[in-house]
Structures are given as structure tokens and as C-alpha cells.
Amino acid sequence: MTGTSHAWPHAPVKVGLVGAGPWARAVHARLLAAGPETQLTSVWARRPEAARETAAPYGAGVAATFEELLDGCEAVAFAVPPAVQAELASVAAKAGKALLMEKPIALDLPSAQRLVDAVDTAGVVSQLVLTNRYHPATRQFLKAAQGLDVVGARSCCLSGAFLGGDFATPWRLEHGALLDLGPHLLDLLDAALGPIVRVRGAGDLRRWIELTCEHASGAISQASLSGSVDVERGITRIELFGRHPELVFDSTALDHEESWPVLRREFATAVRTGRSGELDARRGLYLQTLMAQALES
């Protein structure tokens, strides 16, 4: 979680964490406390005992209320279900706080639009935790893809998360793979092949869903999504085809620990400069729009 190539020239960004579930403990708290770009100031969660357990290893405070958390930080990170994030992130934006948000940014398109409107009105920095995008190998793949005339692509994002364990959470089990895994794959396909102009979906959201994406370039990509298959490790794989040798991205063997220092540095830089990067709330709204198209088809 540490490891940055250059010294951080600014004061650490004081970040409050909303949420104290498995993902908050495994990633967000560690990420924010590792520094030097950020400082985990406090944690607020629906269950105070979980907030204490999450904050204690890092000497962070525990906020009694969401308002108290806002009073003690300049940025807020969210590790909560999408509906909760959309509501509370809007409040945090109106309070002038920078936002580090999970995907999807909301449960539905109207809620996502309201959140982005709040971010735009307040003029605050926002950034999404799209894990793969911060890994050096992903960035190498996307750079290589930019010079290719891709005709078509196949991709998948598969896991057994819905079969049991920490991430078989109510919102995932209810809304399925499109909302949980879809943002990751749609984001990568869009970045690799150019803007997606239309998405069609088929299948069962809770079992297996297949997406067909039409890109502005004329390329067609397909995406298979499931959180209900028995695989040893989660699989994210993209294959690009055209008048060139096949170009493949496969995250199976990647060490995602390499993503976190990059994410932390870029978020802190955005906060200190006042300028959001590419993976901001508007990117989240765009991905939500694509998922809404798939649901309507």
C-alpha cells in the first residue's frame, strides 16, 4: 500500500471513511491510512462497533454521526451500498467535500444524475474506485489498444461472489452482475475501443448476462458477466481482434496491491489541485447510462 515514486509535497488530505464492511476494512481503511498523500481521520458506519474495529488499527477516530465525520475531514470515501452512497455523497458534496466513490455510483440512473448534479453544483473533486484502471498493466494494455483498428472484442468478468461469503451482500444478490461487475468491464471496453453508443443485454442478472456493445468506431464488443459461477479466482479478460495480432488483457494473475498507491496518489493530487481526473462522477454517470440501456433492451 505504500510505495510511491516521488515524495508527496503537500499536507496529507484528511479523509473520512463511510462504511465498515469487508471492503472498507480490506481496502479503503488501509489505502487511506498508508499515506503519505492521505490521512484516515475517522470512520462512520451504521454499526458503531464495526466502525471502531475498522478505525482502531490506524489510530483513526470514530464519528458518532455522518455530520460529525464531515466536520473533521476535507474528503469522504464511501464503502457502502450504491443507494446509500448516492444519498450521502450528495450531502457530502453540498458540504464542499471531495468524494472517493465506489461503483456503481447509484442504484439507478435518476439517482446517479442527482448525485452528479450535486457534485457539479458544488464544484467538488470526485473519483471512482475502478480497481483495474489504476494498475500499470491495465494502462499498458489501454495504451497499446489506442493504436489498433479493432473490429471486434470479446470480454468477461466472472466470479463466485454471489455464491456465498463477504460479498454476497443483499444489494448484489438483488441486482446482480450488471450493477456489480458491469461498470468494470464497460469502462475498460469503452477506454480500449472508444465510446460506446449502444448497449443491448440478454440473460438473467442474477445468473449470467450477456452484453453487446456498439462503439462509435464501428467496432462491436461482447461482455459476459456473472457473479454466480464457481471459479477459483475472479476473471476479468478482454480480447481485441482486427488486422493485427490479438491483444489480450487478463487480470487473473495481477497483484491489485499495485493499484492502491496509484489510486491514492491520483485522488490526493486531484484534491490538492482542485481538478478531477478522467475517472470522476461524470464517468460514473456515463457507465450508469450504459447499464440502464442494457436493462431496457
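For every chain, the first residue of its written sequence is number 1, and the numbers climb from 1 along that sequence. In view of the model being predicted, local features appear only for residues whose pLDDT reaches at least 70, and side-chain atom pairs are presented and counted only at 80 or more, with totals across whole chains, interfaces and linings using the full set of residues. In computing side-chain values, all of the structure's heavy atoms are included and hydrogens and water are not.

**Examining the state of the cysteines**
Covalently bonding the sulfur atom of one cysteine to the sulfur atom of another cysteine gives a disulfide. Here, a disulfide means two cysteine sulfur atoms that sit within 2.5 Å of each other. Under the counting rule described, the total for this entry stands at 0 disulfides. The closest cysteine sulfur to the non-disulfide-bonded C156 is located on C157, 7.5 Å from its own sulfur.

**Quick look at the layout of surface pockets**
In this structure, the second largest pocket encloses a volume near 180 Å³. What lines the second largest pocket is simply S126, Q127, R133, Y134, R139, L142, E266, G277, E278, L279 and D280. In DSSP terms, a helix is any run of H or I states spanning at least four residues, a strand is any run of E spanning at least two, and both are numbered starting from the N terminus. Those elements that provide at least two residues to the lining of the second largest pocket are β6 (126-128) and α6 (136-146). Its residues assigned to classes, the lining of the second largest pocket comprises 3 nonpolar, 3 polar and 5 charged. A 1.4 Å probe that fits but cannot get out identifies a cavity on a 1 Å grid over protein atoms alone, an open set with protein on both sides within 12 Å along at least five of seven lines counts as a pocket, and a residue lines either if it has an atom within 4 Å of a point. Grid points are joined across faces, edges and corners, and a volume is the space filled by probe spheres set on the points. Residue type decides the class: Asp, Glu, Lys and Arg count as charged, Ala, Val, Leu, Ile, Met, Phe, Trp, Tyr, Cys and Pro as nonpolar, and the leftover types, Gly among them, as polar.

**Topic: the sheet that holds strand β7 (residues 150-158)**
Any two strands are treated as partners once DSSP identifies two or more bridges connecting them. Strand order in this open sheet of 6 strands is β8-β9-β10-β7-β11-β12, and the pairing throughout is mixed. Strands at the two margins of the open sheet, each flanked by one partner only, are β8 (196-204) and β12 (244-250). Each adjacent strand pair in this sheet contributes to an overall mean axis angle of 15 degrees, direction not counted. Of the strand pairs in this sheet, strand β9 (residues 208-215) and strand β10 (residues 220-226) are connected by 6 bridges, and their pairing is antiparallel. Residue pairing across strands places C213 opposite S221, the latter belonging to β10. It only takes one pair of heavy atoms within 4.5 Å for two residues to be counted as in contact. As a rule, the C-alpha atoms of each element are fitted with a line to give its axis, helices using only the stretch in contact, and angles between N-to-C directions run from 0 to 180 degrees. The strands touched by α6 within the sheet are β11 (235-242) and β12, with β12 carrying the most contacts at an inclination of about 155 degrees.

**Brief notes about the pattern of salt bridges**
Salt-bridge detection follows one rule: a side-chain nitrogen of Lys or Arg within 4 Å of a carboxyl oxygen of Asp or Glu. Across all of its chains, the model carries 17 salt bridges by this definition. Note that K103 and D180 form a salt bridge whose closest N and O atoms lie 2.9 Å from each other. Here K103, found in the loop between β5 (98-101) and α5 (109-122), pairs with D180, found in helix α8 (residues 177-193); they are 77 residues apart in sequence, far enough to count as distant. When sorted by exposure, K103 lands in the same class as D180, which is buried. In the salt-bridge network here, residues are joined through shared partners; they are R133, D187, D190, E278 and R283. Working definition: with a 1.4 Å probe on protein chains only, accessible area under 20% of the residue-type maximum means buried, over 50% means exposed, and in between means partly exposed.

**What about the UniProt feature "domain: Gfo/Idh/MocA-like oxidoreductase N-terminal" (unreviewed entry) in the chain?**
UniProt positions are given in the numbering used here, feature names are shortened, and annotations may be inferred rather than shown by experiment. The UniProt feature table records "domain: Gfo/Idh/MocA-like oxidoreductase N-terminal" (unreviewed entry) at residues 13-125. End-to-end, the C-alpha atoms of residues 13-125 are 12 Å apart, and along that stretch the chain is 48% helix and 20% strand.

**Thoughts on the environment of E258**
Locating E258 in the fold gives a position in the loop between β12 and α9 (259-273). On the basis of relative accessibility, which here comes to 40%, the residue E258 falls in the partly exposed class. The residues touching E258, leaving out its near neighbours within four places in the chain, are Y134, H135 and P136.

**Things to note about the packing of α6 against α8**
Interaxial distance between α6 and α8 falls to 8 Å at its minimum, and their mutual angle equals 40 degrees. Relative to α8, α6 is oriented oblique. Each of T138, F141, L142, A145 and Q146 in α6 lies in contact with α8, whose residues at this interface are L188, A191 and A192. Looking at the contact of α6 with α8 residue by residue, the classes come out as 6 nonpolar, 2 polar and no charged. When an angle is under 35 degrees it counts as roughly parallel; over 145 it counts as roughly antiparallel; between 65 and 115 it counts as roughly perpendicular; any other value is oblique.

**Observations regarding empty space enclosed by the protein**
Following the criterion strictly, the structure yields 1 cavity of 30 Å³ or more and no others. Roughly 40 Å³ of volume is contained in the largest cavity. K103, P104, I105, L128, P183, G284, L287, Q288 and M291 are the residues that line the largest cavity. With 4 residues, helix α10 (residues 281-296) is the largest single contributor of residues to the lining of the largest cavity. For the lining of the largest cavity, the per-class residue count stands at 6 nonpolar, 2 polar and 1 charged.

**Some remarks on the side chain of S226**
Secondary-structure assignment places S226 in strand β10. There is a polar contact of 3.1 Å between the side chain of S226 and the backbone nitrogen of S228. Excluding its chain neighbours within four sequence positions, the residues that come into contact with S226 are C157, L158, S159, A177, L181, R207 and W208. N or O atoms within 3.5 Å of each other form a polar contact, as long as, within protein, one can give a hydrogen and the other can take it, and as long as residues adjacent in sequence are counted only when both atoms are side-chain atoms.

**Re the environment of F249**
Structurally, F249 can be placed in strand β12. Separated by 15 residues in the primary sequence, F249 and G234 have C-alpha atoms spaced 14 Å apart. The contact partners of F249, leaving out residues within four places of it in the chain, are N132, A137, T138, F141, L188, T236, R237, I238 and L254.

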